[in-house]
Amino acid sequence: MTGFKFAVFLVFIFIAGVPIYALPATLTLAPGQRPSVEKLTINEAAQQLAASGESGWDLVERARSLVGERMAYSRRNSFDSPSRAFERGYGYCMQHAYALSSLVEELGFEAEVIQSFSNLFSNGDVTSHAWVSVKIDDEIRYIDPLFYDELKGKLDFIPLSEVTTIPTAFKILTFWGGPAVNAHRFYLTGKDY
């Protein structure tokens, strides 16, 4: 097999293999939204939060908290867009981060999804993770919907490798490859977290 044919074969396996591998895990999650959440879009959430009368970092904290309460961690809805994951009430870290970033931006603040390939979590796990950087005036804070210490106002994990923005090409690969990685973790553990 020539190098070109082998490359085409690998691309085909990547394009077709990911959804085929992730499909059984995806099918185990009930369709529709999570029973304990009301129907709500990111735009509707932004309108509700804006009407609260809060502003600045207090408003950002309300958005962070809303995404964390609304979206249960799930490895089985990997093909949902971040906005669809928010509406359904399920998501993995990239979906959480992009939903939160969109919500914060709808509230009028600068937000960007960032990531590190190696992070130490309080349970001892070391894994990759995505979260959000928010800028108000000249102050930048890192926020995360699930792994965040509200009392201290900081992340509840430690990045062990370089923290970077997510380039467009990597974002595309992540949203395509993430389903297989999440499904594999689900198959190994039987758990969504």
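The coordinates are above.
### So, the packing of helix α2 (residues 42-50) against helix α3 (residues 56-70)
- Put simply, α2 and α3 touch, their axes get as near as 10 Å, and they point 140° apart. As judged from the angle between their axes, α2 and α3 are oblique. For the pair α2 and α3, the sense of crossing is right-handed. Side by side, α2 and α3 meet where Ala-45, Leu-49 and Ala-50 of the first sit next to Leu-59, Arg-62, Ala-63 and Leu-66 of the second.
- Classifying every residue of the contact of α2 with α3 by side-chain character gives six nonpolar, no polar and one charged.

### Some details on a nonpolar patch on the surface
- Nonpolar side chains collect at one region of the surface, where Val-11, Phe-14, Ile-15, Phe-117, Phe-170 and Leu-173 lie side by side and expose about 550 Å² of accessible area between them.
- For the nonpolar patch, the secondary structure elements donating two or more residues are α1 (3-27) and α6 (168-189).
- Element by element, the count of residues in the nonpolar patch is highest for α1, at three residues.
- Within the fold, Leu-173 resides in helix α6.
- On the basis of relative accessible area, Leu-173 is assigned to the partly exposed category, the value being 47%.

### Re the packing of aromatic side chains
- The final tally for this structure, using the stated rule, is six aromatic pairs.
- Between Tyr-21 and Tyr-187 the ring centres are 5.2 Å apart and the planes differ by 85°, which places this aromatic pair in the edge-to-face class. With Tyr-21 in helix α1 and Tyr-187 in helix α6, this residue pair connects regions lying 166 residues apart in the sequence.
- Judged by its relative accessible area of 36%, Tyr-21 is partly exposed.
- On the accessibility criterion, Tyr-187 (34% relative accessible area) is partly exposed.
- For the pair Trp-131 and Phe-157, a centre-to-centre distance of 4.9 Å together with 70° between the ring planes defines the contact as edge-to-face. On the criterion of sequence distance, the pair formed by Trp-131 in strand β4 (residues 126-136) and Phe-157 in strand β8 (residues 157-159) is long-range, its members being 26 residues apart.

### Some thoughts on the nonpolar core
- Of all hydrophobic cores here, the largest spans 38 residues; its most connected members are Phe-86, Leu-103, Val-104, Phe-109, Val-134 and Ile-143.
- Looking at this core, the elements with two or more residues in it are α2, α3, α4 (82-88), α5 (93-106), β3 (110-121) and β4.
- For this core, the element with the highest residue contribution is α5, accounting for eight residues.
- For Ile-143, the contacting residues outside a window of four places in its chain are Val-60, Arg-64, Leu-100, Val-104, Trp-131, Val-132, Val-134, Tyr-148 and Leu-155.

### Details of α2
- Of the positions making up α2, those classed as buried are Ile-42, Ala-45, Ala-46 and Leu-49. Along the long axis of α2, the arc covered by the buried residues comes to 100°, so they all point the same way.
- Structurally, α2 contributes buried residues whose contacts are with α3, α4 and α5.

Reading the values: the criteria
- Residues numbered from 1 in each chain as written.
- Predicted model: local features only at pLDDT ≥ 70, side-chain atom pairs only at ≥ 80, totals over all residues.
- Heavy atoms only, no water.
- Axes fitted to C-alpha atoms, helices over the stretch in contact; angles between N-to-C directions.
- Helix = DSSP H or I, 4+ residues; strand = E, 2+ residues; numbered from the N terminus.
- Parallel < 35°, antiparallel > 145°, perpendicular 65-115°, else oblique.
- Left-handed = near helix turned anticlockwise from the far one by under 90°.
- Contact = heavy atoms within 4.5 Å.
- Nonpolar A, V, L, I, M, F, W, Y, C, P; charged D, E, K, R; others polar.
- Patch = residues over 30% accessible without salt bridge, like charges linked within 9 Å, V, L, I, M, F, W, Y side chains within 5 Å.
- Areas by Shrake-Rupley, 256 points an atom, 1.4 Å probe, with all protein chains shown as cover.
- Salt bridge = Lys/Arg side-chain N within 4 Å of Asp/Glu carboxyl O.
- Buried < 20%, exposed > 50% of the residue type's maximum accessible area, 1.4 Å probe, protein only.
- Phe/Tyr/Trp six-rings, centres within 6.5 Å; stacked < 30°, edge-to-face > 60°.
- Core = buried A, V, L, I, M, F, W, Y, C linked by side-chain atoms within 4.5 Å.
- Arc of directions from axis to C-beta.

Shape is all these values report; function is a separate question.
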